[in-house]
Amino acid sequence: MARNRPSRQELIRLRRRAGFVGRRGEIAAFRDNFARAVEDPAHQFLFHVRGQAGVGKTSLVRQFEETAREQGAPFRTIAEVLGVSEHTVARRYRRLRAHGVLRVAGVLNGVLLGHTPWTLRLQCTPDAGEALATALAARSDTAFVHLLSGGTEISCNVLTSCADERDALLLRKLPRTSRVTAVSAHLLLRATALPHTWAGAAWLSAEQARRLQPLEPTPAPDPPAPSAAPDPPAPSAAPDPPAPSAAPDPPAPSASPDPPVPDAQDRAMLDLLAHDGRTGYRALAAAARVSDSTAKRRLEALHRSGVLRYAVDIAPAALGFPTEARLWMSVRPAALAEVAGAMAAHPEVSFAAMTTGPSNLVAAVNCRNTDGLCRYLTERVAALDGIRSMETAPVIRTLKRSGAALPVSR
């Protein structure tokens with residue numbers, strides 16, 4: 001709805017209320033911003049925050065700029081893609097995060113650093129399941145910690161950086177815990193499905209997803225060669241036929257052949273990002289006791305090398321898949337790769353990997369209800385040739401997914 005420009009007296013009152021102080025020349029700029037705020041929800045939000053909290057323009061703009069980094073798409077871009085206001089995106093994200101439904105987490109890709117991935121399956125007494133799962137979730141080297149069945153079984157993934165760490169956990173700490181009755185450790189050989197590629201979380205169209213992908217830097221052109229006598233023209237030939245068109249793969253940080261190893265300062269920043277992947281550079285720099293520019297440069301180097309990636313941590317139940325289960329399958333070695341690839345194509349599967357051990361294929365399954373899980377096991381999985389046996393354990397509580405341990409059970 002159109003509105004007349006405010007009078008000079010009204011501008012002065014609004015200027016004081018919003019925290020503007022200083023030179024007379026700011027009146028004109030404030031008049032333009034006020035007019036934009038009448039029509040633009042993003043500017044309405046800025047004026048509301050300033051009037052309520054007295055936040056200065058420089059600090060407020062910096063807070064918005066800090067969210068527009070490699071951690072995820074800026075709120076402005078998300079708003080444009082979804083056709084809503086930037087204010088709405090920011091408000092809904094903060095609300096979902098405050099309730100523990102959604103968060104962006106910075107995740108360390110330890111495989112690039114030579115770490116070894118394992119999946120553990122622990123049996124324990126009924127009174128020790130929750131305490132043991134909580135202790136595992138508090139470790140920085142674990143992910144996807146689930147309490148299974150009747151609370152007497154725990155499943156989790158572990159990354160060990162060296163043989164000493166592996167032996168300390170698998171040979172000494174866990175076996176010596178009195179209430180642990182059995183430990184089964186499987187080396188993860190190759191993953192065919194990962195949580196961030198799960199089809200159940202794909203709610204955007206291909207075009208919307210493309211617009212939210214970060215832009216890859218354009219390589220600089222090669223310098224011109226020194227002038228020289230031109231070569232004689234080559235004999236004419238028919239041009240090569242054009243390659244068939246295909247949808248481009250989403251850009252991803254390229255894995256460096258010699259990735260940077262995080263030091264103590266990097267680890268301090270990574271600990272914060274594990275809790276909130278949108279933590280600002282100022283807070284990260286303060287935790288690492290470095291300057292803002294140094295924090296930005298180090299994180300960009302880790303992200304470009306693939307050592308640091310950002311994952312959306314959301315409960316499958318929030319997307320309409322409250323029934324989760326872990327599957328352990330024994331597959332004939334000759335059919336293992338084929339079955340693992342077929343499992344990865346199932347929309348119910350958010351994780352699948354070939355492993356060592358008698359059960360050489362592990363999978364995480366998300367379904368809309370128990371009847372859906374039953375149909376999946378008896379129809380889709382049963383149709384795969386080569387599976388000798390299978391164990392299924394429902395997830396009753398998740399204590400950790402990507403990033404840090406969850407503050408509440410989700």
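Residues numbered from 1 in each chain as written. Predicted model: local features only at pLDDT ≥ 70, side-chain atom pairs only at ≥ 80, totals over all residues. Heavy atoms only, no water.

Asker: Is there a simple way to think about the overall build of the protein in this case?
Answerer: Along the protein, the regular secondary structure elements total 14 helices and 10 strands. With 410 residues in all, the protein has 39% of them scored as buried. Long-range contacts, defined as pairs at least 24 residues apart, comprise 71% of the intrachain contacts of the protein with a sequence gap of at least 6. When the accessible surface of the protein is totalled, it reaches about 23700 Å², and 55% of it is carbon and sulfur. (Helix = DSSP H or I, 4+ residues; strand = E, 2+ residues; numbered from the N terminus. Buried < 20%, exposed > 50% of the residue type's maximum accessible area, 1.4 Å probe, protein only. Contact = heavy atoms within 4.5 Å. Areas by Shrake-Rupley, 256 points an atom, 1.4 Å probe, with all protein chains shown as cover.)

Asker: Would you take a moment to explain the pattern of salt bridges for this structure?
Answerer: A side chain with one charge can pair with a side chain of the opposite charge if their charged atoms come near. Within this structure, the stated rule accounts for 16 salt bridges. Across the pair Asp276 and Arg97 runs a salt bridge, and its minimum N-O distance is 3.6 Å. Placement of Asp276 in the loop between helix H10 (264-275) and helix H11 (281-288) and of Arg97 in helix H6 (residues 86-98) is noted, with a sequence separation of 179 residues between them. Judged by its relative accessible area of 18%, Asp276 is buried. The exposure class assigned to Arg97 is partly exposed, which follows from its relative accessible area of 31%. A salt bridge links Arg298 to Asp266, with the shortest nitrogen-to-oxygen separation between them at 3.7 Å. With Arg298 in helix H12 (residues 292-305) and Asp266 in helix H10, the pair connects residues that are 32 residues apart, well separated along the chain. What emerges from the salt-bridge pattern is a single network uniting Arg103, Asp313 and Arg401. (Salt bridge = Lys/Arg side-chain N within 4 Å of Asp/Glu carboxyl O.)

Asker: For this particular structure, what's the right way to read H6?
Answerer: One turn of the α-helix equals 3.6 residues, which is why residues spaced by three or four share an orientation. Look at H6: 18 Å from first C-alpha to last across 13 residues, which is about the 18 Å you get at 1.5 Å a residue. Restricting attention to buried positions, one finds in H6 the residues Glu86, Thr88, Val89, Ala90 and Tyr93. Note on H6: the residue one or two positions beyond its end, Gly100, has a positive phi of about 75°. (Expected span 1.5 Å × (residues − 1).)

Asker: Would you take a moment to explain the packing of H10 against H12 for this structure?
Answerer: Across the interface, H10 lies against H12 with an axial gap of 11 Å and an inter-helix angle of 80°. One way to sum up the angle between H10 and H12 is to call them roughly perpendicular. Contacts from Gln265, Asp266, Met269, Leu270 and Leu273 in H10 reach Ala295, Arg298, Leu299 and Leu302 in H12. Residue composition of the contact of H10 with H12, by class: 6 nonpolar, 1 polar and 2 charged. (Axes fitted to C-alpha atoms, helices over the stretch in contact; angles between N-to-C directions. Parallel < 35°, antiparallel > 145°, perpendicular 65-115°, else oblique. Nonpolar A, V, L, I, M, F, W, Y, C, P; charged D, E, K, R; others polar.)

Asker: How should I be thinking about the packing of aromatic side chains in this particular structure?
Answerer: The way to describe two aromatic rings as a pair is by their centre distance and the angle between their planes. Using the criterion set out here, one finds 2 aromatic pairs in the structure. Judged by centre distance (5.6 Å) and plane angle (50°), the ring pair of Phe75 and Tyr93 falls under tilted. Here Phe75 is found in helix H5 (residues 75-82), whereas its partner Tyr93 is found in helix H6, with 18 residues between them in sequence. With relative accessibility at 5%, the residue Phe75 sits in the buried group. Residue Tyr93 is classed as buried on the basis of its relative accessible area of 12%. (Phe/Tyr/Trp six-rings, centres within 6.5 Å; stacked < 30°, edge-to-face > 60°.)

Asker: Just to check I follow, could you spell out the nonpolar core for this structure?
Answerer: Most often, soluble globular proteins have nonpolar side chains that are buried together. Counting residues in each nonpolar core, the largest one holds 22 residues, and the members touching the most others are Leu327, Met329, Met343, Leu361 and Tyr376. Counting residues per element, the ones that place at least two in this core are strand E7 (323-331), helix H13 (336-344), strand E8 (349-355), strand E9 (361-367) and helix H14 (370-381). With 21 residues, the next largest nonpolar core counts Val290, Leu302, Val307 and Tyr310 among its residues. (Core = buried A, V, L, I, M, F, W, Y, C linked by side-chain atoms within 4.5 Å.)

Asker: Before we go on, may I ask you to explain the packing of H5 against H6 in this structure?
Answerer: The relative placement of two packed helices comes down to the angle between their axes together with the axis-to-axis distance. Between H5 and H6, whose axes approach to 8 Å, the crossing angle comes to 110°. Classified by the interaxial angle, the pair formed by H5 and H6 is roughly perpendicular. Seen from H5, the contacting residues are Phe75, Arg76, Ile78 and Ala79; seen from H6, they are Glu86, Val89, Ala90, Tyr93 and Arg94. Each residue belonging to the contact of H5 with H6 can be placed in one class, and the counts come to 6 nonpolar, no polar and 3 charged.

Asker: What exactly am I supposed to notice about the environment of Leu169 here?
Answerer: By secondary structure assignment, the location of Leu169 is in helix H8 (residues 163-173). The buried category is assigned to Leu169, whose relative accessible area is 3%. Taking the C-alpha atoms as reference points, Leu169 and Val158, separated by 11 residues in sequence, lie 9.7 Å from one another. Beyond its immediate chain neighbours, meaning those up to four positions away, Leu169 contacts Leu120, Arg139, Val158, Leu174 and Pro175.

Asker: How do you make sense of the sheet that holds strand E2 (residues 116-124) when you look at a structure like this?
Answerer: Note: strands within a sheet are paired through backbone hydrogen bonds, in either parallel or antiparallel orientation. What the 8 strands build is a closed barrel, ordered E2-E4-E3-E10-E7-E9-E8-E5; its pairing is antiparallel. Across the sheet, the axes of successive neighbouring strands diverge by a mean angle of 35°, strand direction being ignored. Note that strand E5 (residues 180-193) and E8 share 4 bridges and pair antiparallel. Its bridge partner lying in E8, Ala193 is registered against Ala352. With respect to the sheet, helix H7 (residues 129-137) is in contact with E2, strand E3 (142-148), strand E4 (153-160), E5 and strand E10 (387-400), its orientation differing from that of E3 by roughly 170°. This element, H14, spans E7, E8, E9 and E10 of the sheet and lies at about 20° to E7. (Pairing = 2+ DSSP bridges.)

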